[in-house]
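One letter stands for each residue in the lines below.
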Amino acid sequence: VDVRGSGKGAMEMDSAIPLPLTSTPPRSTGGSEEFLNSTFWGPEDENDAECRHRVSADPGGADTEGLAGPLPDGGFIVAEEYGPSLMRVAANGTVLVRFSPRPLNLPKAYYPVRPVLPSILVERRHNKGFESAFLLKPEQFQLACGILQSPLGPQKHSTVVRVVCVDLDRMEMAAVWLLRLDDRHRMVNSATELGEKSFAFLERHHGEGTVYGVDVTGATNVLGHPLLETLEFESPDFDFAGAGISLLEKEKILEYPNDFLEDRGIRLSDKMEGIAKVDQRTLALSNDNDYGKEGDSFVYVVQFKDPVLDL
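Note that this is a predicted model, so its numbers are computed, not measured. (Residues numbered from 1 in each chain as written. Predicted model: local features only at pLDDT ≥ 70, side-chain atom pairs only at ≥ 80, totals over all residues. Heavy atoms only, no water.)

**Remarks on the sheet that holds strand β10 (residues 134-136)**
As a reminder, the rule being used: Two strands make a pair as long as DSSP finds a minimum of two bridges between them. Numbering goes from the N terminus for both helices and strands, where a helix is a DSSP run of H or I of at least four residues and a strand is a run of E of at least two. Axis angles are defined between N-to-C directions and span 0 to 180 degrees, where every axis is a line fitted to C-alpha atoms and, for a helix, only to the segment in contact.
A sheet is described by the order of its strands in space; here 4 strands give the open sequence β10-β11-β12-β13, paired in antiparallel fashion. Of all strands in the sheet, those with a lone pairing partner are β10 and β13 (172-180), marking the two edges. Taken pair by pair, the neighbouring strands of this sheet meet at an average axis angle of 30 degrees, ignoring direction. Relative to strand β12 (residues 160-167), strand β11 (residues 143-147) is paired through 5 bridges, and the arrangement is antiparallel. By the bridge assignment, cysteine 145 is partnered in β12 with cysteine 165.

The following block contains the structure:
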């Protein structure tokens, strides 16, 4: 969606690029045994409008949550929550390829699917897949990356999330880095590229959040590690130093609420879920208003004295 300021403190939509993700409306199954015993691709159990029967998901459907780009060809990367997966989309909205975890080859999807992401990603928590997407180019290859919103698996005291990157040229996995959240209640809701080897991300919980900058240089790429396809990294007792693994280091860029904002009567939404780098000194943030249930949608523009987004 392309929006612009109206000059009256409001936003107006100029244009939108639809993603042709749905081939047919969801089908009511009538609760048949065939459906109940199937292994169809579906994000969560859903019911029809009358809450009578479970409804099957579209075989190519997606819960799109994050956006990165544009790429040199004018296209974008879309982060998808249910798989979780990363999608490369052309400038006109056509899905060129979807990178999914290895068990999810989505044979009935109506676009190319590359099941190359680690299998362990299917252990994502309910409604906690990728909500962020960003681009990196640490060497000569263009990487598309997503950060899991929360740690994998059921371990409720875990604070480590995985950053997953795909090489768009080779269409294979390129990197998995590990990132520690400030506490177990926080989650990652958005990210934006800062440089070829750096990105910023928003971790938050309710009305409190922090935007951090990260340089991937020096962190351990655990792709190929014998524990990659396990939940050992999510264990609160895992000894990363003993295993020779360096986690991504975070540098604080913005924390809210803060005195500067409060002194000016500015209160950010309790559900901030979007960030984007505008330039080296300017950061845009947006909220999720849950289709109007949380009030209006806002874009907040923060300008810093120093080029803090130049990592």
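There's more to say after this.
**Regarding the environment of leucine 148**
For clarity, the threshold we go by: Should any heavy atoms of two residues lie within 4.5 Å, those residues are considered in contact.
Structurally, leucine 148 is set in the loop between β11 and β12. For the pair formed by leucine 148 and serine 132, sequence separation is 16 residues and the distance between their alpha carbons is 7.7 Å. The residues touching leucine 148, leaving out its near neighbours within four places in the chain, are Pro84, Leu121, Lys128, Gly129, Phe130, Val161, Arg162 and Val188.

**Side note on the pairing of β11**
Under the convention used in this document: Residue exposure (1.4 Å probe, protein chains only): buried if accessible area is under 20% of the type maximum, exposed if over 50%, otherwise partly exposed.
Judged by how many residues are buried, β11 sits mostly within the fold: 5 of 5 residues are covered. Neither face of β11 is left uncovered, since the one carrying Leu143, Cys145 and Ile147 and the one carrying Ala144 and Gly146 both have all their residues buried. For β10 and β11, the ladder comprises 3 bridges, and the chain directions are antiparallel. Within β11, the position partnered with leucine 136 by the bridge is leucine 143. The turn linking β10 back onto β11 is made up of 6 residues.

**Focus on the nonpolar core**
To keep it simple, the criterion reads: In these notes, a set of buried Ala, Val, Leu, Ile, Met, Phe, Trp, Tyr and Cys residues joined through side-chain atoms within 4.5 Å is what counts as a nonpolar core.
Among the nonpolar cores identified, the biggest contains 31 residues, and Ile77, Leu117, Leu121, Phe130, Leu178, Phe240 and Ile245 are the most heavily contacted of them. Within the residue set of this core, elements represented by two or more residues are β6 (76-80), β8 (95-101), β9 (113-117), β12 and β13. Apart from the residues lying within four places of it in its own chain, the contact partners of isoleucine 245 are Leu178, Thr220, Val222, His225, Phe233, Phe238 and Phe240. Judged by nonpolar contacts, the second largest core, of 22 residues, contains Cys165, Leu179, Leu181 and Ala191.

**Things to note about the side chain of serine 158**
Note the following rule: Definition of a polar contact: a pair of N or O atoms within 3.5 Å, with one able to donate and the other able to accept a hydrogen when the atoms are protein atoms, and with sequence-neighbouring residues admitted only if both atoms are side-chain atoms.
Note on placement: serine 158 falls in the loop between β11 and β12. Polar side-chain contacts of serine 158 include one of 2.7 Å to the backbone oxygen of glutamate 234. Ignoring any residue separated from it by four or fewer positions in sequence, one finds serine 158 in contact with Arg125, Pro151, Arg184, Glu234 and Pro236.

**Observations concerning the pattern of salt bridges**
To be explicit about the condition: Salt bridges are defined by distance alone: a side-chain nitrogen of Lys or Arg within 4 Å of a carboxyl oxygen of Asp or Glu.
A full pass over the atoms with the stated rule returns 14 salt bridges. The partner of lysine 252 in a salt bridge is glutamate 255, and the shortest N-O contact between them spans 3.3 Å. Its relative accessible area of 48% is what places lysine 252 among the partly exposed residues. The exposure class assigned to glutamate 255 is partly exposed, which follows from its relative accessible area of 37%.

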